[in-house]
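# Structure at a glance
Residues per chain, in single letters:
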Amino acid sequence: MDCKQHILIVEDDIIICGGIKVFLESKGYLAQCAYSVADANQFPLDQYQLIILDINLPDGDGLSLCRQIRTASSIPIIFLTANDTEENMIEGFRSGCDDYIAKPFSVELLHQRIMAVLRRSQSTSKHSLFTYLDLSVDFDKMQVMIKGTPIKLSATEYKLLELLIQHKGQVLTRNIILEKIWDCHENYVDENTLTVHIRRLRQKIESEPKNPKYIITIFGIGYTFGE
C-alpha cells in the first residue's frame, strides 16, 4: 500500500475519529480528522485520496456534504453511520458515496472497505479516447462527456462504466461485476449496491434512463454496453 495515501475522517465523535486515525496511521496511511462540515470545508480535496464521512454532523449532514463534494470531485467517499436501514443506504449511494459501513464496526472491516474502494478508484491509463453515440470517454484524463459536456461521476461510477466499455459486446454477470469493481470477496458488499450504482450512472449519462442506450440490462444475467 502506498504510505502517502491521505484519508480525511469527518466524524464529530472525537474518540471514534481519533481511534480511526490511529488505526489508519498504523497501517501506513496519513489521516486527518475533521469534526464538522465547517471543519471539512477547510481541507483541499485534492490533498486526499479518500474521505470517511459520518452522516450525522453537528452543523449539517453528511448526505448534503457528499452531494456538495460531488459537484467538484470524484474522490472516493465511505459513509460511516448508525443509520443502517436499506432506505438509508440507498439514499447514501444516491448522494454519491462509494461505500457504506454501519456503526458499530470493526476497524479491520473498515480497512478492507478502504482498500477495496481505493483499488477501484485507481485507473490504469489507457491512452485512448472512446466514443459511442453521444458518449465519449478520455481514459487518460478519466473524463466522461455527453455531447461534449463533461459529466461528473464518482470513482465507482467511473470504474463501472470503464469496465462495461472494456467488455463492449459481452454480457457481464452481476457476480463478475461485483468481483471486479468491488471486492473479490463479495461479503463486503450488498448486491443491491450494484443496482443503485447502475441506476445513478444511467441518470447521469442516459437521456432516457428507463430506455437506456448505453448500459443495457440482460434480465436474469447482468449488463452489457451498447447494442
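Counting residues in hydrophobic clusters, the biggest one holds 27 residues, and the most contacted among them are Val-137, Leu-161, Ile-177 and Phe-225. Secondary structure elements with two or more residues in this core: β8 (129–132), β9 (135–138), β10 (143–146), α6 (155–166), α7 (174–182), α8 (192–205) and β14 (222–225). By residue number, the principal contributor to this core is α6, which donates 6 residues. Excluding residues within four positions of it along the chain, Val-137 makes contact with Ser-128, Leu-129, Phe-130, Gln-143, Val-144, Tyr-158, Leu-161 and Ile-165. Grouped together as the second largest cluster of nonpolar side chains are 22 residues, Val-37, Leu-65, Ile-90 and Val-196 included.

What follows concerns unusual backbone geometry. For the bond from Lys-103 to Pro-104, the omega torsion is -5°, close enough to zero to count as cis. Considering the arrangement of structural elements, one finds Pro-104 in the loop between β7 (99–102) and α5 (107–121). Phi at Leu-133 takes a positive value of approximately 55°, unusual for a residue other than glycine. For Leu-133, the location among the structural elements is in the loop between β8 and β9. Residue class for Leu-133 comes out exposed when judged on its relative accessible area of 58%.

This part covers helix α3 (residues 62–70). All buried positions along α3 are accounted for by Gly-62, Leu-63, Leu-65, Cys-66, Ile-69 and Arg-70. Projected down its long axis, α3 shows its buried positions confined to an angular sector of 165°, all on one face. Between the side-chain oxygen at the start of α3 and the backbone nitrogen of Leu-63 there is a gap of 3.0 Å, and the oxygen is on Asp-61.

Before going further, it helps to spend a moment on the packing of helix α4 (residues 86–95) against α8. Look at α4 against α8: their axes get within 10 Å of each other, and the N-to-C directions meet at 40°. As α4 runs across α8, the sense of the crossing is right-handed. From α4, Glu-86, Ile-90, Phe-93 and Arg-94 reach across to α8, where they touch Asn-192, Thr-193, Val-196, His-197, Arg-199 and Arg-200.

Right, let's talk about the packing of α7 against α8 for a bit. Closest axis-to-axis distance for the α7/α8 pair is 10 Å, and the angle between their directions is 85°. As judged from the angle between their axes, α7 and α8 are roughly perpendicular. Residue-level inspection shows Arg-174, Ile-177, Leu-178 and Trp-182 of α7 in contact with α8, the latter providing Thr-193, Leu-194, Thr-195 and His-197. For the contact of α7 with α8, the per-class residue count stands at 4 nonpolar, 3 polar and 1 charged.

Glancing now at the pairing of β14. Where strand β12 (residues 172–173) lies against β14, 2 bridges are found, and the strand directions are antiparallel. Residue pairing for β14: Leu-172 is matched across the bridge by Tyr-223. As paired elements, strand β13 (residues 215–218) and β14 share 4 bridges and run antiparallel to each other. Bridge pairing links Thr-217 to Tyr-223 in β14. Taking the residues between adjacent antiparallel strands as the criterion, β13 and β14 are bridged by 3 residues, where Gly-220 takes a positive phi near 80°.

Turning next to the sheet that holds strand β11 (residues 149–151). Where strands meet in a sheet, backbone hydrogen bonds hold them as pairs that are either parallel or antiparallel. The sheet built from 4 strands is open, its strands ordered β8-β9-β10-β11 with antiparallel pairing. Sheet topology places β8 and β11 at the edges, where each strand pairs with a single neighbour. Taken pair by pair, the neighbouring strands of this sheet meet at an average axis angle of 25°, ignoring direction. Pairing analysis gives 3 bridges linking β10 to β11, with the strands arranged antiparallel. Bridge assignment links Val-144 to a residue of β11, and that residue is Ile-151. Here α6 sits on the sheet in contact with β8, β9 and β10, set at roughly 105° to β9.

Moving on to the sheet that holds β12. Read from one edge of the open sheet, 3 strands run β12-β14-β13, paired in antiparallel fashion. Every other strand in the sheet has two partners, leaving β12 and β13 as the edge strands with one partner each. This element, α6, spans β12, β13 and β14 of the sheet and lies at about 70° to β14.

Cut-offs and rules
- Residues numbered from 1 in each chain as written.
- Predicted model: local features only at pLDDT ≥ 70, side-chain atom pairs only at ≥ 80, totals over all residues.
- Heavy atoms only, no water.
- Core = buried A, V, L, I, M, F, W, Y, C linked by side-chain atoms within 4.5 Å.
- Buried < 20%, exposed > 50% of the residue type's maximum accessible area, 1.4 Å probe, protein only.
- Helix = DSSP H or I, 4+ residues; strand = E, 2+ residues; numbered from the N terminus.
- Contact = heavy atoms within 4.5 Å.
- Arc of directions from axis to C-beta.
- Polar contact = N/O pair within 3.5 Å; in protein donor to acceptor, adjacent residues only side chain to side chain.
- Axes fitted to C-alpha atoms, helices over the stretch in contact; angles between N-to-C directions.
- Left-handed = near helix turned anticlockwise from the far one by under 90°.
- Parallel < 35°, antiparallel > 145°, perpendicular 65-115°, else oblique.
- Nonpolar A, V, L, I, M, F, W, Y, C, P; charged D, E, K, R; others polar.
- Pairing = 2+ DSSP bridges.

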